[in-house]
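For reference, the chains in residue letters:
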Amino acid sequence: MKAREVNFDGLVGLTHHYAGLSFGNEASTKHQYRVSNPRLAAKQGLLKMKALADAGFPQGVIAPQERPNVPVLRQLGFTGNDAQVVERAAKQAPQLLSAASSASAMWVANAATVSPSADSLDGKVHLTVANLNNKFHRASEAPTTESLLHAIFRNERYFSVHGALPQVAMFGDEGAANHNRLGGAYGSPSVQLFVYGREEAKAGLIPARYPARQTLEASQAVARLNQVNPERVVYAQQNPAVIDQGVFHNDVIAVSNRQVLFCHEQAFLHQHELYTALREKVSGFMALEVPVNRVSVTDAVSTYLFNSQLLSRDDGSMMLILPEEARQHAGVWRYLNELLEADNPISELKVFDLRESMANGGGPACLRLRVVLTEAEQQAVNPAVMMNDTLFVTLNSWVDRWYRDRLTQADLADPLLLREGREALDELTRILNLGSVYPFQC
Ligand SMILES: NCCC[C@H](NC(=O)CCC(=O)O)C(=O)O
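Residues numbered from 1 in each chain as written. Predicted model: local features only at pLDDT ≥ 70, side-chain atom pairs only at ≥ 80, totals over all residues. Heavy atoms only, no water.

Per an unreviewed UniProt entry, the protein chain goes by the name N-succinylarginine dihydrolase and belongs to Dryocola boscaweniae. According to its UniProt record, the protein chain has this under Pathway (unreviewed entry): "Amino-acid degradation; L-arginine degradation via AST pathway; L-glutamate and succinate from L-arginine: step 2/5." One UniProt comment on the protein chain, placed under Subunit (unreviewed entry), says "Homodimer." (UniProt positions renumbered as here; feature names shortened; annotations may be inferred.)

Written out as structure tokens, the structure is:
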């Protein structure tokens, strides 16, 4: 059946700040305590969404989460009314308030793993929410993510949204950032490549310095929940040596689209065996492998050249959506331009300034969740979340009204921020026709 890829981008939340919360994500560590600009961050994201919608790529929006997350602070023993909970956390444990205020839900590549109906045994689109178990500030995203996905993919005839896996390290799951789909047309059954960092049950090779966030056990459970045809599932382990160099998700070092896998030479543990398996299962499979002598892993991590979006045009050619950092690096930019000239489907590079998100380790690919949908499924999506001229103007003026242009960790103690956030999100749920999705609305 004819299907298209629809990208849903996370809208940056009002409390976007740099907290250094993600050990193993070098941008996050490096920019701890830097002053953030939430308004600019949200607008940079909106510009990317609008530009892609204008270029003919259907584009949706996923709302931010309620922050500070008062219920999670209560769970940690802070008491009183909501303002007092925040005030006490700010005084006694500012790092916990920071974690409970993170806008990290913007990186929706970690919201869920998606299986299109063409690949699922029951013919439905499946979405399994990621538990993000490896980081405290991210693990609390799951319940609201589930509500938000239900509010967008609400028709149960077409969509099946599954809650997150059990919140334990054995089932650490980071969602679509560790998942690729390879095949022909979007609407035909394809191969799903699940990438994991470690296997809980086996003492295999693991990184020495940084955590491996995704387990094989989690990937297998997600494949089961999403009812992916077992004959078309491939599992591959990330190279532990690159995790130790800051590749905390596979989408920092590889991106796929249709028959193409664009990746670094050192992305996977048994890379050549993986290519052989994919060549057998995916007709016309093409690995575009970047050698280490052209781009080091360090440069791949700092420029996020693989955290790009590889998008198909109707004529079969592909466009690579890159962060500004990739253009700023002479060697990387030269390589990318050579790629344009070489024999492969990539025919255009498009660059976006996403610096506010990048400074926390989130590039173009982190900000989007890909959902392949048939026409009927697309019709069944909540139409109010789809980007167009009107929604772009409405969201920009909403951001202008509510977002601050400067935020530090100390500002999180401000009780006004909690109030502003709730009023803003209440209004947003009406703009996007989401119903009640936040704890403060229940
Ligand atoms: N896919 C990109 C995810 C980036 C995200 N960064 C963060 O959470 C940084 C937050 C901070 O340090 O303020 C992460 O590491 O999971």
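Once the structure has been displayed, the description carries forward.
Draft legend 1. Fine view of the nonpolar core. Within the largest apolar cluster, 107 residues are counted, with the highest numbers of intra-cluster contacts made by Phe8, Phe262, Leu336 and Trp398. Of all the elements, helix α16 (residues 389–402) adds the most residues to this core, at six residues. Other than its neighbours up to four places away in sequence, Phe262 contacts Ile253, Ala254, Val255, Leu288, Val290, Leu305, Phe306, Ser308, Leu320, Leu336 and Leu339. (Core = buried A, V, L, I, M, F, W, Y, C linked by side-chain atoms within 4.5 Å. Buried < 20%, exposed > 50% of the residue type's maximum accessible area, 1.4 Å probe, protein only. Helix = DSSP H or I, 4+ residues; strand = E, 2+ residues; numbered from the N terminus. Contact = heavy atoms within 4.5 Å.)

Draft legend 2. How the structure looks around the pattern of salt bridges. If you walk through the whole model with that rule in mind, you get 24 salt bridges. Between Arg198 and Glu200 there is a salt bridge, with its nearest N and O atoms 2.8 Å apart. With a relative accessible area of 38%, Glu200 lands in the partly exposed category. With its nearest N and O atoms 3.5 Å apart, the salt bridge here joins Arg430 to Asp426. Of the two residues, Arg430 and Asp426 are both situated in helix α17 (residues 415–431); the distance of four residues between them amounts to about one turn of the helix. Its relative accessible area of 58% is what places Arg430 among the exposed residues. For Asp426, a relative accessible area of 28% corresponds to the partly exposed category. (Salt bridge = Lys/Arg side-chain N within 4 Å of Asp/Glu carboxyl O.)

Draft legend 3. Local environment of the sheet that holds strand β1 (residues 3–10). Reading across from one edge, β2-β1-β15 is the order of the three strands in this open sheet, with mixed pairing throughout. The strands lining the two open edges of the sheet, one partner per strand, are β2 (59–62) and β15 (368–374). Neighbour-to-neighbour, the strand axes of this sheet turn through a mean angle of 30 degrees, independent of strand direction. Two strands pair when backbone bridges link them, and β1 and β15 are joined in this way by seven bridges, in the antiparallel orientation. Within β15, the residue paired with Asn7 across the bridge is Arg370. The sheet strands contacting helix α7 (residues 142–152) are β1, β2 and β15, and the helix crosses β2 at an angle near 140 degrees. (Pairing = 2+ DSSP bridges. Axes fitted to C-alpha atoms, helices over the stretch in contact; angles between N-to-C directions.)

Draft legend 4. Geometry of helix α2 (residues 38–54). Relative to the 24 Å expected for 17 residues at 1.5 Å per residue, α2 spans 24 Å between its end C-alpha atoms, a close match to the ideal helical length. Where α2 terminates, the next one or two residues include Gly56, which has phi positive at roughly 95 degrees. (Expected span 1.5 Å × (residues − 1).)

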